[in-house]
Amino acid sequence: MQKSTTPFLLISCFLLLVSCASHELTKGYATQALQKNTYEVPYFLNPQTDYVYKANISVYGNELSGIFIAKKINETTHRVVFTTEFGNKLLDFEISETQFKVNSIVSELDKKILINTLKSDFRLLLRSQYNISKQFENTENTIYQSQAGNKYYYLFTSKSDNKLYKIVEASKRKEKINLSFTSENNIFAQRIIIQHYNIKLRIEFNFFKPQSN
Amino acid sequence: MKIKLTILLLSIFSLTTSAQEQKMTAAEAAAFKQSVNDVSKKIKTLTTDFVQFKHMDFLSKDIETSGKMSFKEPSLLQWQYKKPYNYSIVFKNGKILINDEGKKSAVDIGNSKIFAKLNKLIVGSVSGNLFDDKEFDIAYFKGKQNMARLNPKDAALKKYIKQIELTFDKEDFTVVQVKLLESSEDYTRIVLKNKVINAKIDDAVFTN
């Protein structure tokens, strides 16, 4: 009996090891006991703030630029508008975690695939809370892992100043979208980059400094 | 309640506008058009500083950008934003040349009717040479300043711009403000100042 169970145990330990083996993203990190069950994202929260950015979008070698505006209009919803530098409105969405409404979009951009991509990108950008299922750390950073169905979210925070500087959306094995924040105060992000890995799409937002004159 | 309040606000608004501005008579409009056309015909070059205010109802503040515009006959145009970012766009020989913080790109608009119209509209807005009854339904107003409201007839243009409102200097008949209204009542207001007419402009300005 003893003999026959040993290989079985070995195999199951091995399998266990494999299934426990962390995602590439958490390589070099140690698993930690959960300190909290939810993580509150500090950005895009203030309903009094007009979040206005210069936007540069690079999609399959084409460059598009304009002005990106987001504003929290009620507890659950943000209004998101993208205009040209001249001020012409290109698209105008209302977006929450469960609802989505197109207020307007110019015919040139009115493509289902584009709208769906932007919808999920903006949802990721404006999402305010994650349920945490795992936690990892190394000397500099803490990573919080959240899971929803087959989607995984990795929230990277720096230990020194507690800032959320990166969110990665991934499948079980692969990174899908990398969302990075540069923030001075961990309330407002001056610079945001949304980098896709499965399509050639990169969106960069740079905070629009108010004019001093 | 909300509707009542809106009606009240609207009627106050229309009262105040009607107090400040009055529709010109046919004779006044003809004379005004003539004066503006005379001035705009003499414009060979034009440079002006501008401040752009993007107004959207849901924002707490207008988005303000500013820079400089240069125009040279017959159709060289540079629109240059300097604050809060450097972004310049040149309309030249059927091409749009863009310089976005040093990153350069070009778009061929040779065959794009809508861009040709847009180009004409921008130049016309600033020079005042926009009174084309075939393209627009135009109404003229007098008051503290003279004003023209233009409603595009072209369906393609109408999608982007519901109305263009040009405000003119009472003394020299040049444009001092351009207001572009979008269909949703949001607008872009551009204030022109420090205008210089017919100074020499080097073609190199339009290279981007």
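Everything discussed here concerns the structure shown above.
Residues numbered from 1 in each chain as written. Chains lettered and ligands numbered in written order. Predicted model: local features only at pLDDT ≥ 70, side-chain atom pairs only at ≥ 80, totals over all residues.

Caption draft 1: Molecular detail of the overall build of chain B. Secondary structure summary: chain B contains four helices and twelve strands in total. By residue count, 27% of the 208 residues in chain B fall in the buried class. Considering only contacts in chain B between residues 6 or more positions apart, those separated by 24 or more positions represent 46%. (Helix = DSSP H or I, 4+ residues; strand = E, 2+ residues; numbered from the N terminus. Buried ≥ 20, exposed ≤ 12 C-beta atoms within 10 Å, placed from the backbone. Contact = placed C-beta atoms within 7 Å.)

Caption draft 2: Just the environment of Leu118(A), in detail. Here Leu118(A) lies in helix H2 (residues 112–126). The spacing of Leu118(A) and Phe93(A) is 25 residues in sequence and 9.8 Å in space, taken between C-alpha atoms.

Caption draft 3: Focus on the interface of chain B and chain A. At the junction of the two partners, chain B supplies 22 residues and chain A supplies 22 residues. At the level of elements, strand S2 (45–55), strand S3 (63–72) and strand S4 (76–83) of chain B are the ones that each hand at least two residues to the side of chain B that touches chain A. Top element by residues in the side of chain B that touches chain A is S3(B). It accounts for three residues. Partitioned by chemical class, the residues of the side of chain B that touches chain A number nine nonpolar, six polar and seven charged. (Nonpolar A, V, L, I, M, F, W, Y, C, P; charged D, E, K, R; others polar.)

Caption draft 4: Representation of the sheet that holds S3(B). Residues and elements named next belong to chain B. In spatial order, the strands read S1-S8-S9-S10-S11-S12-S2-S3-S4-S5-S6-S7; together these twelve strands make up an open sheet with antiparallel pairing. Unpaired on one side and paired on the other, strand S1 (21–23) and strand S7 (103–108) mark the two borders of the sheet. Sheet twist, expressed as the mean angle between neighbouring strand axes with direction ignored, is 20 degrees. One ladder, built from ten bridges, connects S2 with S3; its direction is antiparallel. Bridge assignment links Lys54 to a residue of S3, and that residue is Ile63. (Pairing = 2+ DSSP bridges. Axes fitted to C-alpha atoms, helices over the stretch in contact; angles between N-to-C directions.)

Caption draft 5: Summary view of H2(A). Along its 15 residues, H2(A) runs 21 Å from first to last C-alpha, staying within 8% of the 21 Å computed at 1.5 Å per residue. Buried residues along H2(A) sit against strand S4 (62–72), strand S5 (78–83), strand S6 (89–95), strand S13 (175–183) and strand S14 (189–196) of chain A. (Expected span 1.5 Å × (residues − 1).)

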